[in-house]
Each structure stands twice: as structure tokens, then as C-alpha cells.
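# Residue-level structural notes
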Amino acid sequence: METETNTTAALLIWDTHAHLDDRRFKSDLAEVLRRAQEAGIRKMLNVGHSEATSRRSIEMAERYEFMYASVGAHPHDAKDCTTATWDKLAQWANHAKVVAWGEIGLDYYRDLSPRDVQKKAFIEQIELANAAGLPIIIHNRDAHGDLVSVVKEHPPVHGGVFHSYSGSWDMAKGLLNQGFFLSFSGPLTYPDARRAVEVAAHVPGDRFLVETDCPYLPPQPHRGQRNEPAYVHYVVERLAQIRNIPYEEVARLSSANAEKLFQRARSFRE
């Protein structure tokens, strides 16, 4: 597929997981956003993962009409969270442009917070999201079994998405039965993405999202570089190839699914 021919279809594409407040965008954010607009990316969700990044995400969402925000505490930072942290995040969750709680979850790869502390913070935030009327954005790295157990025992009332999904198709089937969405990012384009390709081929059309997770996880043509929202079209292209459907259909479905999940933001509806 030729990227240059996809601009019209890309008008419907949302990058549902970005970290544009990251310091790596400090010097050229305006250019990054311009390239995204030129590529046809019309909606972006900037994801909070700490008190500071949640605040910055809201500030960016206030500054840019096409941007929305989430609030939350990443498992890396679970050890530093206090009652004051939860109170502040709960307060910000009422902001008109906050449409999700996250990213939250478990990370057993880096183990920067003790695992029992991670679980406690994850459960606490699911309950806070339920009270706030928000879906959750889930981070999962090498914690499949415990994470599945937590969401079964403490289900999110307003749904959620497993961002940059990395589990098996068998695991995905259980999560889909529970009502979760699955999101795909740059690793889907990697040569060794067999497990992700299997999931992408079988996930129902009304249950997937696309994202960059920028500045992380760049797609294959930009591996080793900083990722940015304009590159989400590579994920859409790969999904179209895997599912053997038009690029425009993937763009339409992923956008409709994002609207469905983040329905609290009325301005998401065109």
C-alpha cells in the first residue's frame, strides 16, 4: 500500500495512546503536530502515567481542540503513590476533556515497584475509574496471569483497553468476552510479530483500536527513531493487510471503536 494515497482515509484515524508531553517533543512539538495533521490524524489521546504527566496531559488537551487526556499512575510509580495522589487524580478525572483513567496495570519486566504494591495500586485505580465513570487504559508487560486475575476479580464498570496488546490469542478471547478492547501499535509491523498478527487477524472488527505510544514503539520503517502520531498510519496499513480489508475500513472501524470506548467525550462525535 502506498502511504501517499491514504490521506483521505486517514482523516478518520485517531492515535488513541500518545505521550506528547514527553521531553523528546519539547523542541519541535509544533512540527510534530503539523505532520500529524498533514497525515490526516485528527484525534489524539495524550495519556497520563503519573501525577505530573496527568496534569500536563490535561493542559495539552486544553490547548489543542483535537487532543484529549487521561489520568493515572503507571505501575512503575506505584510505590510512590499516596492517598493525596489518588485524591488529585480523582479531582482531575472530572475535567471535561479527560476521557479515560490510565495508563495503569502491572509491569513485571522492570519491576520498578514491588509486585504486591503494583497490584494494590492497580485495584485502587480501577475502583477510582469506576467511581469517575471512566474506562481504563491498561499497561501489561510480562504480567499476563496476574493482570487477567485482577481484572476478573475487579472488573472495570465502564470498560477498558489493553494498550499495545502483547498477549496471546487465547488470552485475548477471554478479555474480549469480558468486554475489553485491544489496541495495536508499532510492534505489529515488526517481522517477528507472529503472535500479534494472529490476534489482529481474529479480533472482531468492533473491538480494536490503533495507537503509537509515541515516543516509544516506532513502526518498522522508523525503528530506532522517536515515534510520533503521524506514524500511526503504518499500523492501520498493517492491519488492513492482515485482515485483507481496505485501509479505509480499518480507519473507519478503529475510529468508531475509539468513540464507543471514550463516549464520555461528546466532542469526539463528528
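Right, let's walk through the structure included here. In this text, all values refer to a predicted model and were calculated from it rather than measured experimentally.

Criteria and thresholds
- Residues numbered from 1 in each chain as written.
- Predicted model: local features only at pLDDT ≥ 70, side-chain atom pairs only at ≥ 80, totals over all residues.
- Heavy atoms only, no water.
- Helix = DSSP H or I, 4+ residues; strand = E, 2+ residues; numbered from the N terminus.
- Rg over C-alpha atoms; globule rule 2.2 N^0.38 Å.
- Buried < 20%, exposed > 50% of the residue type's maximum accessible area, 1.4 Å probe, protein only.
- Contact = heavy atoms within 4.5 Å.
- Areas by Shrake-Rupley, 256 points an atom, 1.4 Å probe, with all protein chains shown as cover.
- Lys, Arg positive; Asp, Glu negative; His and termini not counted.
- Charge placed at Lys NZ, Arg CZ, Asp CG, Glu CD.
- Pairing = 2+ DSSP bridges.
- Right-handed = clockwise from strand over helix to strand, strands pointing away.
- Axes fitted to C-alpha atoms, helices over the stretch in contact; angles between N-to-C directions.
- Parallel < 35°, antiparallel > 145°, perpendicular 65-115°, else oblique.
- Nonpolar A, V, L, I, M, F, W, Y, C, P; charged D, E, K, R; others polar.
- Core = buried A, V, L, I, M, F, W, Y, C linked by side-chain atoms within 4.5 Å.

## Thoughts on the overall build of the protein
Within the protein, the regular secondary structure consists of 10 helices and 8 strands. Since a compact globule built from 270 residues should have a radius of gyration of about 18 Å, the 17 Å found for the protein is in line with a globular shape. Expressed along its principal axes, the backbone C-alpha trace of the protein runs to roughly 50 × 40 × 35 Å. For the protein, buried positions account for 56% of its 270 residues. When contacts within the protein are restricted to residue pairs at least 6 apart in sequence, long-range pairs at least 24 apart make up 73% of them. Surface exposure of the protein reaches about 11,800 Å², of which carbon and sulfur atoms provide 48%. Both charge centroids of the protein, one from 32 positive and one from 36 negative side chains, sit 0 Å from each other.

## Digging into the pairing of strand β2 (residues 43-46)
Neither face of β2 is left uncovered, since the one carrying Lys43 and Leu45 and the one carrying Met44 and Asn46 both have all their residues buried. Pairing geometry for strand β1 (residues 14-18) and β2, over 3 bridges, is parallel. The partner of tryptophan 14 across the bridge, within β2, is lysine 43. One crossover worth recording links β1 to the parallel β2 by way of helix α2 (residues 29-38), and it is right-handed. Strand direction decides the pairing type here: β2 and strand β3 (residues 67-71), joined by 3 bridges, are parallel. Looking across to β3, one finds that leucine 45 is bridged to tyrosine 68. A crossover connection joins β2 to the parallel β3 through helix α3 (residues 51-63); in handedness this β-α-β unit is right-handed.

## So, the packing of helix α8 (residues 194-202) against helix α9 (residues 232-243)
The interhelical angle for the contact between α8 and α9, taken along N-to-C directions, is 70 degrees, at an axis separation of 9 Å. The angle between α8 and α9 places the two elements in the roughly perpendicular class. From α8, Val197, Ala200, Ala201 and His202 reach across to α9, where they touch Arg238, Leu239, Ile242 and Arg243. Residue composition of the contact of α8 with α9, by class: 5 nonpolar, 1 polar and 2 charged.

## Regarding unusual backbone geometry
Along the chain, glycine 102 connects to glutamate 103 via a cis peptide bond; the corresponding omega equals 25 degrees. Its location among the elements puts glutamate 103 in strand β4 (residues 98-107). Look at the link from cysteine 214 to proline 215: it is a cis peptide, with omega at 15 degrees. Mapped onto the secondary structure, proline 215 falls in the loop between β8 (208-210) and α9. Located in the positive-phi region is aspartate 111, a residue other than glycine, with phi close to 50 degrees. Position of aspartate 111 among the secondary structure elements: in the loop between β4 and α5 (115-132).

## Section: the nonpolar core
Among the nonpolar cores identified, the biggest contains 72 residues, and Leu20, Trp101, Phe122, Phe162, Phe184 and Leu239 are the most heavily contacted of them. The contact partners of leucine 239, leaving out residues within four places of it in the chain, are Phe184, Leu188, Ala200, Phe208, Val210 and Val250. Counting residues in hydrophobic clusters, the runner-up holds 13 residues, among them Trp14, Ala100, Ile137 and Leu209.

No statement about biological role is implied by the geometric values presented.
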